[in-house]
Each structure stands twice: as C-alpha cells, then as structure tokens.
Amino acid sequence: MTELDCDVAVIGAGTAGLAAERHARQAGARTVIIDPAWAGTTCALVGCMPSKLLIAAGGAAHAVSSAARFGIEATPMIHGEAVMQRVQRLRDDFVNSTRKSFDDIPESARIAATARFTGPNTLSLSDGRQVRAKAIVIATGAKTIIPKGFDGLGDRLLTNETVFDLKDLPASLAVIGAGPQGMELAQAFARLGVRVEVFDKGGSVAGLQGDDADSFVAMLEPSIPVHLNVDVSAEAGDEVTIRAGDHEARFSHVLVSAGRAPALGGLDLTAAGLEVDDHGTPLFDKQTMQCGRAPIFIAGDANHDRAVLHEATSEGSVAGANAAAFPDVRRSRRKVPLAIAFTHPQVAQIGTPPEGDDSRVAEASWSDQGRARVDGHAHGFARLHSDGEGRICAATLCMPDAEHLAHYFALAITAGMTAGDLLDQPIYHPTLEEGVKKALQGICAACALKVPWDRGTGFQPGD
Ligand SMILES: Cc1cc2nc3c(=O)[nH]c(=O)nc-3n(C[C@H](O)[C@H](O)[C@H](O)COP(=O)(O)OP(=O)(O)OC[C@H]3O[C@@H](n4cnc5c(N)ncnc54)[C@H](O)[C@@H]3O)c2cc1C
Ligand SMILES: NC(=O)c1ccc[n+]([C@@H]2O[C@H](COP(=O)([O-])OP(=O)(O)OC[C@H]3O[C@@H](n4cnc5c(N)ncnc54)[C@H](O)[C@@H]3O)[C@@H](O)[C@H]2O)c1
C-alpha cells in the first residue's frame, strides 16, 4: 500500500481548493491536491460564467424586443443553436484558463482520485493510495439538490450541470426554485423567447422576502409567471406536467434550481473525528477556517456559509495558509458580506443590518429617477441600514446595474463611513448612483447627522 507523506493535503481542485493549495505551497508546505475530475472549477464549467453568458444573450434579445419605447421597431431573430454555441465556446475558453492554472501545481502534487478520511491526518484514495498529512483542507464544493419527485424525469430534467450543454433552446421550461440561480436562468431563457414559469415552495425570490420579493416580481417582464409558496409536483409523459395547487401546465423541460448542499458524502467525517451540525456540515471557525481543534480546515461551498466565488477564493487562501502554519493558525478579518443576483433589475445584498434600537433605515426609489428614465428602466429601490451614528451597516438594492452601487456600499461599510461621509463624495450627473442620495439624506435625518454644510441638500431635475 503506497503512502504519500506531505504537509498539506487539499481535497477538491475547485476555486477554494486551488487557492488553498497555492497559499500552502507559497508558505513553503509540501502539498498534494486531490480531485477525481480535474475538469475545471464549478464557476467556469457549470456556474457563474456559463450562466452570465446566457444572461448576456437574453439581455441582447431583450434590448431588441424592447426598443419600441425609443421609437425603434425591431423583432429579434433568435437562433437558439447559435446562442448555445456561443455560451459553450466562451464557457470552454474560461474552463481552459482555469485548467492552465493546474499546470502551476507540480505534477507529483496533482492526484486524480477521490479522498476519504481514515483519521484526522490520514486519507484513503480511490486509487488505493494512502495520504498522511500534517493538515488537511476540505474544499469539495457543493452538489445540486434534486427534490423528491423530480428525479424520474430523464433527459427532460435539467440542472446547472446539464442546461448549458443543450444544443438548442428548450421549447418551454418550468424552473423549480426562485433563488438567484432559478431567477437568473428563468429570465435569461424567457428573454430568448422560451415560455418559462417559476415555482418555489417558499416565498423568497432572488434572496428577497415579503414586500421586497413582490416588488421585484412586479418589475420582471410579465412573461415570467412566478408561483410562490406552492407544493410543486412533476409527472413525466410526452412533456412534463407540473402541478402547483390549482395550476397545471406542461413543459418540454424542467430546470431544478432548488439549492446546493455541501459535497461531503463519502468523506467519512466521523473517521476524521469532526463535530458536525444538524446537516452533517463540520463546525468551523469562520476566521481561521479550522474545524474545531483538528488539523482540518474547510473552505468554499463545502462549508455552506457564503456560497459565492470571491468567498471561496478568500476562504481557500486562509485555509491553505493556516493549514501550512498549523498549529499556529491566524485569524483573518472577514470581508463584508456581498451577494449579487444578475437578474434585471439586479438584486444585491451587502453587509449585516444592526440589531436593536440602534438601527436606522432609509429608502430610495428609481421609479422616477432621471438616468433610469433616460435608459427606459425606471424602477427599483434601495434600503440602507445604519447604526445610530449614521454609519452604514447594510444595504439591499433592487435596481438596474446594482452591482456597481453594491461595491460602493461594501467599501463604505468596510471603511466605517457614515451617510454624511458618502454625501461628501462626488456623485456624477446624470447617473443611477444619484438615486441613492435620498436614502443617504434619510439616514442623516434619522440620526440627526448633519449633511456637510457646503454640500447640496436638494435635488436637480433628473437626480
Ligand atoms: C449556476 C450557478 C451560478 C453561479 N453564479 C455565481 C455568480 O455569478 N457569482 C458568484 O460569486 N458565485 C456564483 N456561483 C457560486 C460559485 O460558483 C461557487 O460559490 C464556487 O464555484 C464554489 O467553489 P468551490 O471551490 O467551493 O467548489 P468547486 O469549484 O465546485 O470545487 C469543488 C471540487 O471538489 C471536488 N471534489 C468533490 N468531492 C471530492 C472528493 N471526495 N475527493 C476529491 N475531490 C472532490 C470536485 O470534483 C470539484 O472539482 C454560482 C453557482 C452556480 C451553481
Ligand atoms: N449570482 C450569484 O451569485 C449566484 C447565481 C446563481 C447561483 N448562485 C449560488 O448557487 C447556489 C444555488 O443557487 P440556488 O438559487 O439554486 O439556491 P437557493 O438555495 O438560493 O434557492 C433555492 C430555492 O429553491 C426552493 N426550493 C427548494 N426545494 C424546492 C422544491 N421541492 N420545490 C420548489 N422550490 C424549492 C427554495 O425555497 C429556494 O427558494 C447558491 O449557493 C447560490 O449562492 C449564486
């Protein structure tokens, strides 16, 4: 039985695992990184990038079909096969770039196998070898959840792992799950002329709840019916019949976007001696990525904390550096939480609202905002949360191009800026950013915080 001896073993060569291995190696550790597929990261292959490519195609079609409001009559001719070919061609380019990063890893450190714990410092590989490591990083990502009743739909069932490989657009699509994935893809396909309906057993849409969710749905094209709080069932036939309460409709395909669960099955966490939560995910320290006091670290979607790409990279870096330094682990300062759904309007959530009486809230709307009207998408809202001194703590944005303001607020929160500090910064005219001034002034008023004396307090026409 061959035994490999190393300082740090990383399980999973996705975004988090590659960052962990790189950071451990740069810290001088002898590393191995284990993955059965070496196919490319989830982001490039079946996640962020192909979904954004499809959204870009949907956006192009929508720009044509909605041009009449500018006095331009046009009907898009959508060639489904060409749309999917572009998605696949650029997706493959992105995958090839991630695969090039594999070449930076010494060949002897790259292992094609699955790994299973046999102890806190030992792994058994599917190729029969054993690994002994001073520390181990779990970076196995997450797996798409297929709810009961949807697993027997054969090739009519689509997930993020299959939908981007379609040769042509589906004739019609039921989307199960109204989270960011479901809403991004539902809108992209609808804009490309596919008949789409969305079904969710809960009431949240693209991460928004209650009235915010209702407002968001009202801003979507009426061609995307969203059925919330419904029990959904599917029956396969020539097509798939979807039943949700009294509603029944038939679709050529069903896209399941019902969440992703950490891919921890088969790792034998019991053998590693790890304490786990009710879902079987190891308990870990969010600043060190260490699981309890074990020589084991967990990063990326595998820990089910912040399942977005930039966090997989950061967590992987911390886990790798700390694994190399174990037992001298260092605490990292977590970034401000930031999540963006690339729907139209975009939805962004930044920071954490303060709890208790200290919290102040103010809102702004883009329904009558100058630049939003110019561009023909006058809708959207922002809600800002501050502490009692007007320091911005959190923001919810549901507006055109929210991704830009989302980064502005992430920076403001990190820097501890108040609404007054932000009003002291230049905001160009006419931009969508001007729309947020109302909420900043609202926070100033709610905190008795003075707007700087030498800055305007009114609004220009079109602000
Ligand atoms: C459709 C979709 C769209 C998304 N869009 C965005 C977006 O726009 N922006 C954003 O920030 N995030 C987005 N995300 C989330 C983002 O893709 C993930 O957060 C990120 O890719 C997670 O990286 P990871 O390294 O944790 O996992 P992965 O990249 O999945 O890597 C895990 C690796 O572990 C390997 N592995 C699993 N089990 C074992 C085992 N037992 N032994 C060895 N290896 C194993 C797998 O083969 C895989 O290579 C999206 C996700 C999806 C699904
Ligand atoms: N822009 C982005 O950053 C982006 C985009 C897509 C996906 N992602 C990531 O990918 C992962 C998966 O996204 P997601 O939207 O699938 O996950 P999610 O967990 O956010 O949403 C899943 C939705 O499916 C619903 N659901 C679950 N079971 C159901 C059932 N049986 N019937 C009907 N509805 C059901 C849930 O109520 C929930 O609203 C997440 O981690 C997310 O962060 C991120």
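Taking an unreviewed UniProt entry as the reference, the protein is identified by name as Dihydrolipoyl dehydrogenase belonging to Falsirhodobacter algicola. Reading the Sequence similarities (unreviewed entry) entry of the UniProt record for the protein gives the comment "Belongs to the class-I pyridine nucleotide-disulfide oxidoreductase family."

A. The arrangement of the overall build of the protein in detail. Scanning the protein for helices and strands turns up twelve helices and 22 strands. What you see for the protein is a C-alpha radius of gyration of 24 Å, in line with the 23 Å of a compact globule of 463 residues. Counting every position in the protein, which comprises 463 residues, the buried fraction comes to 49%. The long-range share in the protein, meaning contacts at least 24 apart out of those at least 6 apart in sequence, stands at 66%. The protein carries 42 positive and 57 negative side-chain charges, and their two centres are separated by 5 Å.

B. Region of interest: the site of ligand 2. Q181, E184, D200, G259 and I340 are the nearest of the 19 residues found near ligand 2. Between ligand 2 and D200, the relevant distance is 2.6 Å, taken from an oxygen atom to a side-chain nitrogen or oxygen of the residue. At the level of secondary structure, the elements contributing two or more residues to the shell around ligand 2 comprise α5 (180-191) and β18 (338-341). Among the elements that make up the shell around ligand 2, the one with the highest residue count is α5 (three residues). Taken together, the residues of the shell around ligand 2 sort by class into nine nonpolar, five polar and five charged. Viewed by domain, the shell around ligand 2 spans two of them, domain 2 (154-259) and domain 3 (338-446), each represented by three or more residues.

C. A look at the packing of helix α3 (residues 48-65) against helix α4 (residues 80-102). The geometry of α3 relative to α4 is characterised by a closest axis approach of 9 Å and an angle of 145° between their N-to-C directions. Seen along the crossing, α3 lies across α4 with a hand that is right-handed. Counted together, M49, P50, L53, L54 and A57 of α3 and V83, M84, R86, V87, L90, R91 and F94 of α4 form the full contact between these two elements.

D. Region of interest: the pairing of strand β15 (residues 253-256). Alternating residues of β15 divide into H253 and L255 and V254 and V256, and every residue in both groups is buried. The pairing of strand β8 (residues 157-158) with β15 spans two bridges and is classified as parallel. If you follow L158 over to β15, its bridge partner there is L255. Both strand β9 (residues 172-176) and β15 contribute to a ladder of four bridges, which runs parallel.

E. Summary view of unusual backbone geometry. Here the residue pair F326 and P327 is connected by a cis peptide bond, since its omega of 10° sits within 30 degrees of zero. With an omega dihedral of -5°, the bond running from H429 to P430 counts as a cis peptide bond. Relative to the assigned elements, P430 resides in the loop between α11 (419-423) and α12 (437-446). A positive phi angle, near 50°, is found at A206, a position not held by glycine. Position of A206 among the secondary structure elements: in the loop between β10 (195-199) and α6 (210-219). For A206, a relative accessible area of 6% corresponds to the buried category. For M289, which is not a glycine, the phi torsion comes out positive at approximately 70°.

F. Quick peek at the domain arrangement of the protein. In terms of domains, the protein is made up of domain 1 (3-144 + 261-325), domain 2 (154-259) and domain 3 (338-446). For domain 1 and domain 2, the distance between their C-alpha centres works out to 26 Å. Counting from both sides, the interface comprises 22 residues of domain 1 and, opposite them, 20 residues of domain 2. Across the interface of domain 1 and domain 2, roughly 1800 Å² is buried in total on both sides, 64% from carbon and sulfur atoms. At the boundary of domain 1 and domain 2, one finds two salt bridges. Across the pair K52 and E184 runs a salt bridge whose closest N-O atoms are separated by 2.9 Å. Taken together, the connections running from domain 1 to domain 2 amount to eight residue pairs in polar contact (both at pLDDT 80 or more). Where the side of domain 1 that touches domain 2 is concerned, the elements lending two or more residues are α3, α4 and β7 (142-144). With ten residues, the top contributor of residues to the side of domain 1 that touches domain 2 is α3. Here the side of domain 1 that touches domain 2 is built from residues that sort into eleven nonpolar, seven polar and four charged.

G. Representation of the UniProt feature "domain: FAD/NAD(P)-binding" (unreviewed entry) in the protein within the structure. Mapped onto this numbering, the UniProt entry annotates "domain: FAD/NAD(P)-binding" (unreviewed entry) at residues 7-316. Helix makes up 30% of residues 7-316 and strand 23%, with an end-to-end C-alpha separation of 16 Å.

H. Here's a closer look at helix α1 (residues 15-26). Given a rise of 1.5 Å per residue, twelve residues ought to cover 16 Å, and the 17 Å separating the end C-alpha atoms of α1 matches this to within 8%. Turning to α1, its buried residues are A16, G17, L18, A19, A20, E21 and A24. Those residues of α1 hidden inside the fold are in contact with β1 (3-11), β2 (31-34), α4, β6 (130-138) and α8 (309-325). Taken from the residues just after α1, G28 is the one with a positive phi, measuring 95°.

I. Quick peek at the UniProt feature "active site" (unreviewed entry) in the protein. Mapped onto this structure's residue numbering, the UniProt feature "active site" (unreviewed entry) falls at H429. Within the fold, H429 resides in the loop between α11 and α12. Its relative accessible area of 39% is what places H429 among the partly exposed residues. Side chain to side chain, H429 and E434 meet in a polar contact 2.6 Å long.

The rules we used
Residues numbered from 1 in each chain as written. Chains lettered and ligands numbered in written order. Predicted model: local features only at pLDDT ≥ 70, side-chain atom pairs only at ≥ 80, totals over all residues. Heavy atoms only, no water. UniProt positions renumbered as here; feature names shortened; annotations may be inferred. Helix = DSSP H or I, 4+ residues; strand = E, 2+ residues; numbered from the N terminus. Rg over C-alpha atoms; globule rule 2.2 N^0.38 Å. Buried < 20%, exposed > 50% of the residue type's maximum accessible area, 1.4 Å probe, protein only. Contact = heavy atoms within 4.5 Å. Lys, Arg positive; Asp, Glu negative; His and termini not counted. Charge placed at Lys NZ, Arg CZ, Asp CG, Glu CD. Near = heavy atom within 4 Å. Polar contact = N/O pair within 3.5 Å; in protein donor to acceptor, adjacent residues only side chain to side chain. Nonpolar A, V, L, I, M, F, W, Y, C, P; charged D, E, K, R; others polar. Domains from an automatic or database assignment. Axes fitted to C-alpha atoms, helices over the stretch in contact; angles between N-to-C directions. Left-handed = near helix turned anticlockwise from the far one by under 90°. Pairing = 2+ DSSP bridges. Buried area = accessible area lost by both parts, 1.4 Å probe. Salt bridge = Lys/Arg side-chain N within 4 Å of Asp/Glu carboxyl O. Expected span 1.5 Å × (residues − 1).

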